[in-house]
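What follows is the residue order along each chain.
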Amino acid sequence: MAPTDTFFWVLLAFAALFAAATALGTWLEARAGDTVKVAWIHQLNVRIRASWLIPLLFAIAFALGSAAVVLVFAVASFLALREFVALTPIKPSDYWALIVAFYVAIPVQYLLIAAGWYVGFAVFIPVYLFLVLPVIMAWRQDVERYLERVAKVQWGLMISVYCVSHAPAIATLRIPGFEGRSAMLLLYFLLVLQASELLAVIVSAAIGRTPLKSNPNKSREGVAIGGGAAILIGASLWWMTPFSWWQSLLMAAAIAIAGFLGGLVLSAVKRSLGARAPVASDSVQLGRGMLDRLDALAFAAPVFFHLTLFFFAR
Amino acid sequence: MRLPVRFLPSIVWLVRLLVGAYPRWIGSAPSANQRIYFANHSSHMDTIVLWAALPHSLRVNTRPVAARDYWGRGGLRTQIAQEELNVVMIDRARPAVDRGDADNASDALADALEPLRDALTHGFSLIIFPEGTRTPQPLPGAFRSGLFHLAAQFSEVELIPVYLDNLHRSLPKGALLPVPIISTVRFGAPLPRVAGESRDAFLERARAAVIELAGG
């Protein structure tokens with residue numbers, strides 16, 4: 001079978017799986033008696049429906065080419081950075097630095113990804129913008145809390161643009177013996193990451209125990225068991241990847257652990273900036289909670305990208 | 001440059017992409033009742049943001065009030081104002097009104113408010129910014145008296161305080177390109193009428209209602 005055929009069937013299989021999960025969740029929500037149960041099944045269904053983004057994203061890529069995937073992640077970065085900026089106290093004198101961050105950094109970074117120029121996208125933000133942004137902000141000689149303001153803009157860029165952009169970059173990796181199939185590797189990465197997040201929440205809701213301070217929807221036990229299950233799922237998906245089954249197990253472990261740590265760190269960032277929990281009715285709106293959705297991915301994508309690059313690509 | 005009208009609805013989506021414009025109905029719900037929405041004014045985007053935050057069905061009957069000296073200078077801006085937002089153009093209230101210059105004030109004010117009365121009489125809801133000019137900071141400045149006169153004359157119309165956050169950070173005075181950010185549009189409870197209340201007391205109460213939403 002040609003790689004594109006395999007890709008198509010894999011996608012179809014996962015779409016069927018997600019459809020089954022959605023149907024089951026909806027049925028359970030309608031059937032559940034007491035309000036507590038309804039609330040957590042509802043929470044779960046919101047996440048399951050969000051998982052649809054993965055097969056949807058790949059259906060788009062399948063139809064329109066890989067540039068569409070890059071574009072989707074560019075928009076996600078834009079929405080995440082917008083949210084980060086809203087949480088950060090900024091002053092009118094930061095205006096030009098932010099204009100550069102949104103209208104220059106995002107397009108350039110994703111164009112470099114689309115072009116597959118590894119050195120370019122690896123250094124553009126952490127080296128060049130790292131030096132240019134403080135210059136722009138120093139130009140006005142507004143030194144009140146200068147370092148703090150520069151640091152926040154740079155943190156926002158690193159997390160929401162640089163780290164997130166490593167996800168579409170996975171599809172540009174050139175791996176000997178795996179040519180033309182890197183998009184499958186991105187699908188593998190997203191499935192393992194989504195499985196670890198989803199299973200952690202499901203198990204936490206099912207068995208409860210010690211809730212995490214960083215995320216009350218998850219418990220210590222839920223994260224351990226759910227993460228462990230996701231690692232096993234990752235190992236069982238070795239045939240999608242250039243890895244052997246035990247390499248796939250280790251890679252899935254790296255993804256799940258990095259993803260968990262991403263959630264931990266971004267929860268601390270948001271709480272230190274004084275973010276409130278989003279109101280329930282907000283969650284359906286465009287781009288709301290993008291940082292929440294991308295926290296695990298922002299940490300796991302660069303880790304997975306570099307592990308694969310180091311051990312498998314050339 | 002004139003754009004075909006059918007492209008204009010995308011202005012709402014553009015505003016949502018750039019600054020969110022997420023509605024939050026705190027003290028009132030979306031309703032087809034005739035209303036005057038009055039809000040703090042901190043940037044040039046306020047009019048479009050508040051308008052974009054209303055449900056589509058209400059936008060048809062809601063007209064923003066806009067100063068002719070900014071929105072009426074022709075070009076794309078005026079086209080958006082007229083064809084998309086269906087604004088009510090007014091000449092900014094002359095200084096005599098706010099100085100309380102008795103001889104000139106009543107005439108000048110009557111002139112300035114005439115288009116608003118006309119729109120209210122025809123059953124439209126209005127969006128107004130009672131500060132009369134932009135205050136690029138979180139809390140609004142003093143309100144001008146137009147709201148008081150309209151509230152007194154159209155006693156059936158609900159007065160809805162609205163707070164727009166973050167927009168002065170997105171588009172500081174003099175800037176052309178907005179910094180993308182998340183802004184919410186908070187709609188408060190209708191301002192009750194108090195019989196025999198003085199103009200200044202009413203305006204201060206209206207301003208306090210907007211400021212109270214800033215905390216939520």
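Residues numbered from 1 in each chain as written. Chains lettered and ligands numbered in written order. Predicted model: local features only at pLDDT ≥ 70, side-chain atom pairs only at ≥ 80, totals over all residues. Heavy atoms only, no water.

*Asks:* Can you help me understand the overall build of chain B in this one?
*Replies:* Each helix and strand in chain B was counted, giving 10 helices and 7 strands. By residue count, 54% of the 216 residues in chain B fall in the buried class. Here the analysis covers contacts within chain B between residues at least 6 apart in sequence; of these, 74% occur between residues at least 24 apart. (Helix = DSSP H or I, 4+ residues; strand = E, 2+ residues; numbered from the N terminus. Buried < 20%, exposed > 50% of the residue type's maximum accessible area, 1.4 Å probe, protein only. Contact = heavy atoms within 4.5 Å.)

*Asks:* Quick question: what am I supposed to make of the pairing of strand β3 (residues 62-67) of chain B here?
*Replies:* In the case of a regular strand, side chains alternate between the two sheet surfaces. All names here are of chain B. For β3, the tally of buried residues reaches 6 of 6 residues, placing the bulk of the element in the interior. The alternating pattern of β3 places Thr62, Pro64 and Ala66 on one face and Arg63, Val65 and Ala67 on the opposite face, and all of these are buried. Note: β3 against strand β5 (residues 125-128), 3 bridges, orientation parallel. Across the sheet, Pro64 pairs through a bridge with Ile127, a residue of β5. Summarising the sheet, β3 and strand β4 (residues 88-90) pair through 3 bridges and their orientation is parallel. Across the sheet, residue Ala67 finds its bridge partner in β4, namely Ile90. (Pairing = 2+ DSSP bridges.)

*Asks:* Can you walk me through the pairing of strand β7 (residues 184-187) of chain B in this structure?
*Replies:* Residue and element names in this part refer to chain B. In β7, alternate side chains face the same way, and those of Thr184 and Arg186 on one face and Val185 and Phe187 on the other are all buried. In this sheet, β7 lies alongside strand β6 (residues 158-164) in antiparallel orientation, the contact comprising 3 bridges. In the sheet register, Val162 faces β7, and the bridge partner there is Phe187.

*Asks:* Sorry if this is basic, but what is going on with the packing of helix α3 (residues 53-64) of chain A against helix α8 (residues 182-207) of chain A here?
*Replies:* A pair of packed helices is characterised by two quantities: the angle between their axes and the separation of those axes. Residues and elements named next belong to chain A. Put simply, α3 and α8 touch, their axes get as near as 10 Å, and they point 170° apart. Classed by the angle they form, the pair α3 and α8 counts as roughly antiparallel. Between α3 and α8, the contacting residues are Ile54, Leu57 and Phe58 on the first element and Ala183, Leu186, Leu187, Leu190 and Gln194 on the second. Split into classes, the residues belonging to the contact of α3 with α8 amount to 7 nonpolar, 1 polar and no charged. (Axes fitted to C-alpha atoms, helices over the stretch in contact; angles between N-to-C directions. Parallel < 35°, antiparallel > 145°, perpendicular 65-115°, else oblique. Nonpolar A, V, L, I, M, F, W, Y, C, P; charged D, E, K, R; others polar.)

*Asks:* Which parts of the structure should I look at to understand the environment of A:Thr22?
*Replies:* Residue and element names in this part refer to chain A. With respect to the helices and strands, Thr22 occurs in helix α1 (residues 3-31). By relative accessible area, which is 16% here, Thr22 ends up buried. When near neighbours in sequence (up to four residues on either side) are disregarded, Thr22 contacts Ile48, Arg49 and Trp52.

*Asks:* What's the story with the confidence of the model for chain A in this structure? I'm lost.
*Replies:* Do not read the fine detail of predicted coordinates wherever pLDDT is low. Residues and elements named next belong to chain A. Summarising the model, chain A shows a mean pLDDT of 86, and 94% of its residues fall at 70 or more. Per-residue pLDDT, averaged within each element of chain A, yields its smallest value for helix α2 (residues 35-51) (75) and its largest for helix α5 (residues 95-115) (95). Note on residues 278-287: pLDDT is under 50 here. Beyond four places in sequence and across chains, it has 14 contacts. (pLDDT = per-residue confidence, 0-100.)

*Asks:* Mind showing me how you'd approach the nonpolar core here?
*Replies:* Residues A:Tyr188, A:Phe189 and A:Leu297 are the most contacted members of the largest nonpolar core, which totals 129 residues. A:Leu297 has contacts with A:Phe73, A:Val164, A:Ala167, A:Phe189, A:Leu190, A:Leu193 and A:Pro302, leaving out every residue within four places of it along the chain. The next biggest cluster of nonpolar side chains, apart from the first, holds 27 residues, and it includes B:Leu113, B:Leu126, B:Phe143 and B:Val157. (Core = buried A, V, L, I, M, F, W, Y, C linked by side-chain atoms within 4.5 Å.)

*Asks:* Could you clarify how one ought to interpret the pattern of salt bridges in this entry?
*Replies:* Side chains that differ in sign of charge can pair as their charged atoms come close. Under the counting rule described, the total for this entry stands at 13 salt bridges over all chains. A salt bridge links B:Arg68 to B:Asp91; the nearest nitrogen and oxygen atoms lie 3.1 Å apart. You can see B:Arg68 sitting in helix α4 (residues 68-71) and its partner B:Asp91 sitting in the loop between β4 and α6 (95-99), a full 23 residues away along the chain. When its relative accessible area of 39% is taken as the criterion, B:Arg68 is described as partly exposed. Each member of the salt-bridge network shares a partner with another, and the members are A:Asp94, A:Asp142 and A:Arg149. (Salt bridge = Lys/Arg side-chain N within 4 Å of Asp/Glu carboxyl O.)

*Asks:* What is the right way to look at the interface of chain B and chain A in this model?
*Replies:* Many structure descriptions define interface size as the accessible area lost when the parts assemble. The interface of chain B with chain A comprises 22 residues on the first partner and 22 residues on the second. Of the roughly 1,800 Å² buried between chain B and chain A on both sides combined, carbon and sulfur atoms contribute 61%. Applying the counting rule to chain B against chain A returns 0 salt bridges. Our enumeration of links across chain B and chain A arrives at 7 residue pairs in polar contact (both at pLDDT 80 or more). Looking at the side of chain B that touches chain A, the elements with two or more residues in it are α1 (10-19), β1 (22-25) and α9 (167-170) of chain B. Top element by residues in the side of chain B that touches chain A is α1(B). It accounts for 4 residues. Along the lines of polarity and charge, the residues of the side of chain B that touches chain A split into 14 nonpolar, 5 polar and 3 charged. (Buried area = accessible area lost by both parts, 1.4 Å probe. Polar contact = N/O pair within 3.5 Å; in protein donor to acceptor, adjacent residues only side chain to side chain.)

*Asks:* In this structure, what is going on with helix α2 (residues 46-53) of chain B? I would like to understand it.
*Replies:* One turn of an α-helix holds 3.6 residues; hence residues three or four places apart share an orientation. Counting buried residues along α2(B), 8 of its 8 residues qualify, which places the element largely inside the surrounding structure. Within α2(B), the full set of buried residues consists of B:Asp46, B:Thr47, B:Ile48, B:Val49, B:Leu50, B:Trp51, B:Ala52 and B:Ala53.

*Asks:* It is not clear to me how the packing of aromatic side chains should be interpreted in this structure. Could you clarify?
*Replies:* Any pair of aromatic rings gets described here by the distance separating the centres and the angle formed by the planes. Residue and element names in this part refer to chain A. Under the criterion given, the structure shown has 16 aromatic pairs over all chains. Ring geometry for Phe189 versus Phe304: centroids 5.5 Å apart, planes at 15°, classification stacked. One end of the pair, Phe189, is in helix α8; the other, Phe304, is in helix α11 (residues 290-311), with 115 residues separating them in the sequence. A residue is classified by how much of its surface remains accessible, and Phe189, at 0% relative accessible area, is buried. The class of Phe304 is buried, set by a relative accessible area of 1%. (Phe/Tyr/Trp six-rings, centres within 6.5 Å; stacked < 30°, edge-to-face > 60°.)

*Asks:* In this structure, what is going on with the sheet that holds β7(B)? I would like to understand it.
*Replies:* The pairing of strands in a sheet comes from backbone hydrogen bonds and takes either a parallel or an antiparallel form. Residue and element names in this part refer to chain B. Taken together, the 7 strands give an open sheet; going across it, the order is β1-β7-β6-β2-β5-β3-β4, and neighbouring strands pair in mixed fashion. Strands at the two margins of the open sheet, each flanked by one partner only, are β1 and β4. Adjacent strand axes in the sheet meet at a mean angle of 25° when their direction is disregarded. Packing of α2 onto the sheet brings it into contact with β1, β2 (35-39), β3, β5, β6 and β7, and relative to β7 it is tilted by some 65°.

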